[in-house]
Amino acid sequence: MPRFETIDTLSALNERAAGTRVLVRGDLNVPMQDGLVTDATRIERLLPTILELTKRGCKVVIMSHFDRPKGKVVPEMSLRALIPCLVKIFGGRKIAFLENPLGENAKEIVANLPNGGIALAENLRFFAGEESNDEKFARALGKLGDAFVNDAFSVAHRAHASTEGLARIMPAAAGRSMQSELEALETALANPERPVVAVIGGAKVSTKLEVLTNLTSKVDRLVVGGAMANTFLYAKGTHIGASLCEKEMAEAALTVMNNAAEVGCKIILPSDVVVAEQLKLGSTGETVHISAVPPNMMILDIGTNTAQAIAAELESCRTLLWNGPLGAFEYPPFDGGTRVVSRAAAELTTQSKLHSIAGGGDTIAALVSANTLSRFSYVSTAGGAFLEWLEGKELPGVAALYG
């Protein structure tokens, strides 16, 4: 597969770049409360691309969706409310607003931007053609620019006009955030340094069955944690007490284990666990061997021996892919397993002995709680896109960049 274009390689961004109109697809679907942004991480990740393009003298038009207006104008979902936050993060730069990015007025505003100027287009999901990936809508948007830069991996699994359609009809490249994401993922699975270990946690096997199935043929070791592990243990005939378990997924879990055995992928399940009668703040946990879970108790975390065994496995690996917590980390003391393993991973990463990649909302929250997030090699802020990539699916927004 040919290499995707980047800001460095796309000729439209390098030959007389000053004055070039560049449409940048970001993900500004940030959490807000009382009209204020409560987490600007996605905006901050867009900053390197915006600064680089404006430094080259490009006229930048930022595009995004916000929430789910379903093709209709919903005033409270307008991107106009983000302008103060964007201005602050972008160093006080003035930002024009395109209330109707399809109108003649929008073209005039963009044409009159100074070289290095920035405009923000209104919520693209106000238009039905965005989510339906309507070609006419994409071409109408395309008239605002000379080139397209996709810097929103988090929505790359959506075949929308601004994620896939524009890349098909005009010169297109990956922005810096998208580039970093693709390079990190390539390092993790496409061409990893082995052995590779994947830590996959979460509540339900049903939501990550495709992930587990795909990874057994890609990695050397697969750690199954969280309540998902209960279903695997149940499938093996282990008594798991009152633990959360998808008994109807037992056969699927056995299939994953059998497939893993056939291809030589070692599956690691808990040997000891932390149990309690209730999951609530202030609960006291008790560590027991996996064969001695009381019938009235729930498994809420991996035990000390299991955490140490996983940490030891990390020492013999070169690449780590992490998605999902190993226990109910939101309710201490059931965060112990995630803390121990993530700290081991962080330490090995700091020592350049392990290339560690993590992704997913719960994963990020768990690593933040363990104070290890900043020490991983790469952390993806994408949710659905990261999960579909783990499942081995083609992401339309990424495929379009390869042409």
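The structure this text deals with has already been given above.
What counts, and where the lines are drawn
- Residues numbered from 1 in each chain as written.
- Predicted model: local features only at pLDDT ≥ 70, side-chain atom pairs only at ≥ 80, totals over all residues.
- Heavy atoms only, no water.
- Helix = DSSP H or I, 4+ residues; strand = E, 2+ residues; numbered from the N terminus.
- Buried < 20%, exposed > 50% of the residue type's maximum accessible area, 1.4 Å probe, protein only.
- Pairing = 2+ DSSP bridges.
- Axes fitted to C-alpha atoms, helices over the stretch in contact; angles between N-to-C directions.
- Contact = heavy atoms within 4.5 Å.
- Phe/Tyr/Trp six-rings, centres within 6.5 Å; stacked < 30°, edge-to-face > 60°.
- Lys NZ or Arg CZ within 6 Å of the ring centre and 35° of its normal.

*Asks:* Teacher, can you tell me more about unusual backbone geometry here?
*Replies:* Most peptide bonds are trans, and most residues other than glycine sit at a negative phi. Each neighbour pair has its own omega, and for Arg194 with Pro195 the value is 5 degrees, a cis peptide bond. Along the chain, the position of Pro195 falls in the loop between helix H7 (176-190) and strand E9 (196-200). Notably, Asn133 is not glycine yet its phi reads approximately 55 degrees, a positive angle. Positionally, Asn133 belongs in the loop between helix H4 (128-131) and helix H5 (135-142). Here Asn133 falls in the partly exposed class, since its relative accessible area comes to 22%. Even without glycine at this site, Asn371 takes up a positive phi of about 60 degrees. Here Asn371 shows up in the loop between helix H13 (361-369) and strand E17 (378-380).

*Asks:* Would you explain the sheet that holds strand E11 (residues 266-268) in this entry?
*Replies:* Here six strands make up an open sheet; going across it, the order is E11-E10-E9-E15-E16-E17 and the pairing parallel. In the strand order of this sheet, the two ends are held by E11 and E17, each with one partner. This sheet shows a mean twist of 15 degrees between the axes of neighbouring strands, independent of strand direction. Running over the sheet, H13 touches strand E15 (319-323), strand E16 (355-359) and E17 and is turned about 120 degrees from E16.

*Asks:* Is there a simple way to think about the packing of aromatic side chains in this case?
*Replies:* Any pair of aromatic rings gets described here by the distance separating the centres and the angle formed by the planes. Under the criterion given, the structure shown has four aromatic pairs. Here Phe127 and Phe137 contribute two aromatic rings whose centre-to-centre distance is 5.6 Å and whose plane-to-plane angle is 35 degrees, an arrangement assigned as tilted. A residue pair is termed long-range when its members are at least 10 positions apart, and Phe127 in the loop between strand E6 (118-121) and H4 and Phe137 in helix H5 qualify at 10 residues. Given a relative accessible area of 6%, Phe137 falls into the buried group. With 5.9 Å between their ring centres and 40 degrees between their planes, Phe386 and Trp389 make a pair best called tilted. With Phe386 and Trp389 both in helix H14 (residues 384-390) and three residues apart, this pair spans about one turn of that helix. Under the relative-accessibility criterion, Phe386 is labelled buried at 0%. Sitting above the plane of the Tyr378 ring, Arg45 keeps its charged end 5.6 Å from the centroid.

*Asks:* Would you explain the sheet that holds E6 in this entry?
*Replies:* The strands that make up a sheet are held in pairs by hydrogen bonds between backbone atoms, and each pair lies either parallel or antiparallel. Spatial ordering of the open sheet is given by E5-E6-E4-E1-E7-E8, a layout of six strands whose pairing is parallel. A single partner strand is all that each edge strand has here, and the edge strands are strand E5 (95-98) and strand E8 (172-174). Strand-to-strand twist in this sheet, taken as the mean axis angle between neighbours without regard to direction, amounts to 25 degrees. Taken together, the four bridges between E5 and E6 define a ladder with parallel strand orientation.

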